[in-house]
Amino acid sequence: MFDKPPTMKHADNSKSTVGHSPPRKDGPDKVTGRARYLDDLAFPGQLWGRTVRSQVPHGRIRSIEFDPRFDWSGIVRVTAADIPGDNIVQLIEDDQPMLAHDMVKHREEPIALLACADRERLEEALLHVDVKIDPLPPVLDLLLSTHVFKSYRIEAGDIKPAFADSSLRVVEGIYRVGHQEQMYIEPNAICAVPREDFGVTIYGSMQCPFYIHRGLQRLLKINDSQIAVIQVVTGGGFGGKEDYPTVLAGHAALLARKAGKPVKMIYKREEDVAATTKRHPAVLRYRTAVKPDGEFVACEIDVVMDGGAYVTLSPVVASRGVLHASGAYRWPHARIDCRVVQTHTPPNGAFRGFGVPQTLFGCEAHVEKIALELGLDPLLVRRKNALVVGDVMPTGQRLTESVSALPVLEAVAARSGYAAKREAAMEAARLPAGSARARKRRGIGLSLALHGAGFTGSGEAHLKSRAGLELTASGARVLSASTDIGQGTITVFSQLAAEALGVPLSMIEVAVNDTSRVPDSGPTVASRTTMVVGGTIARAAEAMARVLQGYVAQTHAVPAGEVCCVGGIFAARGRSLAPFESIARRYLDERGPLVCIEQYELPPGVQWDDAAYRGSAYPCYAWAATAVELEVDLDTYEIKLLDLVTASEFGKAIHPVLAEGQIEGGTVQALGYALLEEHIYVDGRLLNTRMQNYIIPTALDVPPMTTLILENPYSRGPHGAKGLGELPMDGPAPAVAAAVLSAIGKLIPDLPISPERVMKALHAA
Amino acid sequence: MRLELRINGSVRSLEVEPLKRLLDVLREDLILTGTKEGCGEGECGACAVLLDGQLVNSCLVAVCQAAGASVVTIEGLSSSALTPLQRSFVECGGAQCGICTPGMIVAGQCFLDSGAAATDEAVREAIAGNLCRCTGYTKIVESIQHAARETR
Ligand code: FES
Ligand code: FES
């Protein structure tokens, strides 16, 4: 069922690798078990750390008592009183304490820390810390919260006349999505090593070393030179290791400083699931005015997201969410509101898609509802309204290039056999209800998605991220703080640098991700790594190439403009002059180190007004369509996925095999969101914290997948590349909802679409 | 308690707590850290090893249950060169973050050794006890099928 057999073009050392798929650089270590994750590293004298947590969702701490009858020798104890600097987890707001000292705002709130060399004694010690809390009433329902962290409004045109126009049809719907857990297979893991200069070195599993680098300076009252943060091989992140590692690093560092010894903290699975950030739940209301032929005229959208107890990343999640809430469509008139509110539950945060899977589920499920109420084929409705070059989005952004809503839609419609399968589903729906054939209903549905690449609005302009490379005696070394958490950053950066320098891939290495040695290229989030940081590295490599060409011109007495490097050999006028390495060595001997660092510049014309919330929210967008075919069992209410086709356009695939891996992996996470993954909270306590009761897809849950990649290069991306990482998370859930609608004639507006929800929908009047 | 294990072909004699998890004995006593822990309760398969040729989750095995048995871990599958299955994983994109990969490869090797036909269904069945959150499994299935073609 694959579009093509896996094609691995091996790195041919003389040729470009961009657009081909050389074996990933970290592959051999990972397949032999040699790759060392945090838990695999030994630190002499190391203690284990654990966290004492609130146990109540909201309250005031009365006392923290360490049982005087317990033997505390060899156990290090830390409370808020031990914090030398600011007791905060640094992110957007300073509202979250590293350790609670007066109020607790969620059930997993950290209050005290313990460390001990012996893990069994440590577990026992945890039972001898008595925290007394006077409980306060918690707010647990996002719709009942009056504490708004942040709200946004986007307005275009005037929606009022449209809703008053009796020639238009008004369609309304409410959609709900819950928490989703990242469930990286390696839990959060950090080791803090104290230093003689009273500073600390942090090793860990993480996406954003500089978050920790800055956060711990304030916490520990140390300066920039007293901290180094080193990312080790990281067993998955998906956003879940964007901001949370700052908490864990802070805790481990506090213990390590007090103990004078390294302290490792590795969460058990239950603790990781209960305490760390998840995808924001949301309630989404859509009200739309459309022409009887399906043309969209106006939308009024209201989104409420649950931020949890503290602000963390909620303002930016909500912002990305609201900016995608009207989907990949033209809306002459729009009013889109979004607010993210506080509840007394653990803070929600980043998860691949970052607000968009929520709002695009609302949008795409609502498009199905529009088609249903108008009696139209949802494909035709999408086709009629899909954005094309020249269209203006509700923020006022005019799309000028690399817009592929229609091409991806047509590609999946054709490839999945949508028209015929939809016809067959409608035919089957007309069978008499009692007939055996009718007990299993097939359906097909599709969805259309877009995803903005890079940080939202003025984010990249503020960040001014820097990256580059240094010349080595054997080639060049990439310098950036962007992390490889499995997606293949190391390989893609090497390809881009090798291409610009004209050397084989094997001559490029990537520096250890250590904040004391690499420039701050910003966090590894927001589908920005290839386009923003990769593009910056490519520019730095071009700058290095120019310096070396000039040097070769001088040393070999040829005109600088004629020197080039191909396959690792400098040449001019068709004559080979010298291998890259020998030039590099001579340069380093004669002139000293050569380090080329560039800073990312937003493309000209990309402007954003944060106050008015207008302008170009993203320099460009990636596009995807998904078609899902499935079968619903009318007796057991089970859903079986039969086939899935995606078509994605993200400019250019630098490494097609890695890109397909991102698409397939993101798609399956989204299928989990659609069908399986649900968290149950009772009184602010998460009940299903284990892999046994929070189910993610296994190999058997995944249908055959066809992954189509369309190219439509973006003029400002490296080789035309835009961002890809999050795009595949956006479309599959609404495509599943659409397919279920096609099978059983009911639109299920809530995720996940569990057998219980199918049953309820079928039995509702 | 003192017991003997045949680890990756060589006999090792160990002084250990009888109820210590085989996973911890491998990682802590024998410093074979290629075997990973993802859940500690038999759900994820990151800790998969072969015990007398059977695929087991080493987090669920007390070391005393393995006394006298032969254990093969990811470190025992290859010596200097990669095995065909390991090569396939590198070439076909079967490993992303890599944390599930040792367990997947042990499970995949166990399947290949069984000699069963590497149909899509059979391969998926063989790795159904191993969770991967990165790849969506497609490229893992391809990797195993590719190795099956190479080795038969
Ligand atoms: S750690 Fe053994 S199955 Fe997950
Ligand atoms: S490669 Fe990351 S969990 Fe499988």
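Conventions and cut-offs
Residues numbered from 1 in each chain as written. Chains lettered and ligands numbered in written order. Predicted model: local features only at pLDDT ≥ 70, side-chain atom pairs only at ≥ 80, totals over all residues. Heavy atoms only, no water. Helix = DSSP H or I, 4+ residues; strand = E, 2+ residues; numbered from the N terminus. Rg over C-alpha atoms; globule rule 2.2 N^0.38 Å. Buried < 20%, exposed > 50% of the residue type's maximum accessible area, 1.4 Å probe, protein only. Contact = heavy atoms within 4.5 Å. Areas by Shrake-Rupley, 256 points an atom, 1.4 Å probe, with all protein chains shown as cover. Lys, Arg positive; Asp, Glu negative; His and termini not counted. Charge placed at Lys NZ, Arg CZ, Asp CG, Glu CD. Buried area = accessible area lost by both parts, 1.4 Å probe. Salt bridge = Lys/Arg side-chain N within 4 Å of Asp/Glu carboxyl O. Polar contact = N/O pair within 3.5 Å; in protein donor to acceptor, adjacent residues only side chain to side chain. Nonpolar A, V, L, I, M, F, W, Y, C, P; charged D, E, K, R; others polar. Pairing = 2+ DSSP bridges. Axes fitted to C-alpha atoms, helices over the stretch in contact; angles between N-to-C directions. Phe/Tyr/Trp six-rings, centres within 6.5 Å; stacked < 30°, edge-to-face > 60°. Lys NZ or Arg CZ within 6 Å of the ring centre and 35° of its normal.

A.B. asks: Before we go on, may I ask you to explain the overall build of chain B in this structure?
C.D. replies: Scanning chain B from terminus to terminus reveals 5 helices and 5 strands. Ordered by position in the sequence, the α and β elements of chain B form the string β-β-α-β-β-β-α-α-α-α. Against the compact-globule benchmark of 15 Å for 152 residues, chain B has a radius of gyration of 15 Å, which places it among compact chains. Seen through its principal axes, chain B has C-alpha atoms that stretch 45 × 30 × 25 Å. By residue count, 59% of the 152 residues in chain B fall in the buried class. If you take every contact in chain B between residues at least 6 apart in sequence, the share linking residues at least 24 apart comes to 56%. Here chain B displays about 5,400 Å² of accessible surface, and carbon together with sulfur accounts for 49% of that area. Charge-centre separation for chain B: the mean point of 13 positive side chains lies 5 Å from the mean point of 18 negative side chains.

A.B. asks: So what exactly am I meant to see when it comes to the interface of chain B and chain A here?
C.D. replies: One widely used convention gives an interface's size as the accessible area the parts lose upon coming together. Each partner contributes to the interface: chain B provides 44 residues, whereas chain A provides 55 residues. Summed over both partners, the interface of chain B with chain A comes to about 4,100 Å²; 58% of that surface belongs to carbon and sulfur atoms. Between chain B and chain A we count 8 salt bridges in total. Note that Arg-690 of chain A is salt-bridged to Glu-41 of chain B, the shortest N-O span being 2.3 Å. At the junction of chain B with chain A, the criterion picks out 26 residue pairs in polar contact (both at pLDDT 80 or more). Only α1 (22-29), α2 (84-92), α3 (101-114), α4 (120-126) and α5 (138-151) of chain B provide two or more residues apiece to the side of chain B that touches chain A. A per-element tally of the side of chain B that touches chain A places α2 of chain B first, with 5 residues. Looking at the side of chain B that touches chain A, its residues break down into 18 nonpolar, 12 polar and 14 charged.

A.B. asks: I'm lost on the sheet that holds strand β1 (residues 2-7) of chain B in this one. Help?
C.D. replies: In sheet architecture, strand pairing relies on hydrogen bonds along the backbone and comes in two forms, parallel and antiparallel. Residues and elements named next belong to chain B. Pairing is mixed in the open sheet, where 5 strands are placed in the order β2-β1-β5-β3-β4. Two strands lie at the open edges of the sheet, namely β2 (10-15) and β4 (54-57), each paired on one side alone. Across this sheet, the average inter-strand angle for adjacent strands is 40°, counted without regard to direction. The strands that α3 touches are β3 (48-51) and β4; relative to β3, the one it contacts most, it runs at about 40°.

A.B. asks: Any chance you could explain α1 of chain B here in plain terms?
C.D. replies: The α-helix winds at 3.6 residues per turn, so residues separated by three or four positions along the chain end up facing the same way. All names here are of chain B. With respect to burial, α1 is a largely interior element, 6 of its 8 residues being buried. The complete set of buried residues in α1 reads Leu-22, Leu-23, Asp-24, Val-25, Leu-26 and Arg-27. Buried positions along α1 lie against β1, β2, β3 and β5 (70-72).

A.B. asks: How should the packing of aromatic side chains be read in this particular structure?
C.D. replies: Any aromatic ring pair is given by two values, namely how distant the centres are and how the planes are angled relative to each other. All names here are of chain A. For the structure shown, the criterion picks out 13 aromatic pairs over all chains. Arranged with centres 4.9 Å apart and planes meeting at 40°, the rings of Tyr-152 and Tyr-613 form a pair that is tilted. Highlighted residues: Tyr-152 in strand β7 (residues 148-156) and Tyr-613 in the loop between β24 (608-609) and β25 (614-615), separated in sequence by 461 residues. In this pair, the class of Tyr-152 matches that of Tyr-613, namely buried. With 5.9 Å between their ring centres and 55° between their planes, Tyr-244 and Tyr-267 make a pair best called tilted. Separated by 23 residues along the polypeptide, Tyr-244 in helix α5 (residues 244-259) and Tyr-267 in the loop between β12 (263-266) and α6 (269-275) bring together distant segments of the chain. What makes Tyr-267 buried here is its relative accessible area of 3%. Connected via pairs of aromatic rings, a cluster forms that spans Phe-66, Phe-70 and Trp-72. Geometry around Trp-48 places Arg-119 over its ring, the cationic atom sitting 4.0 Å from the centre. Cation over ring: Lys-241 sits above Tyr-184, and NZ or CZ is 4.5 Å from the ring centre.

Bear in mind that shape data such as this cannot, by itself, settle questions of function.
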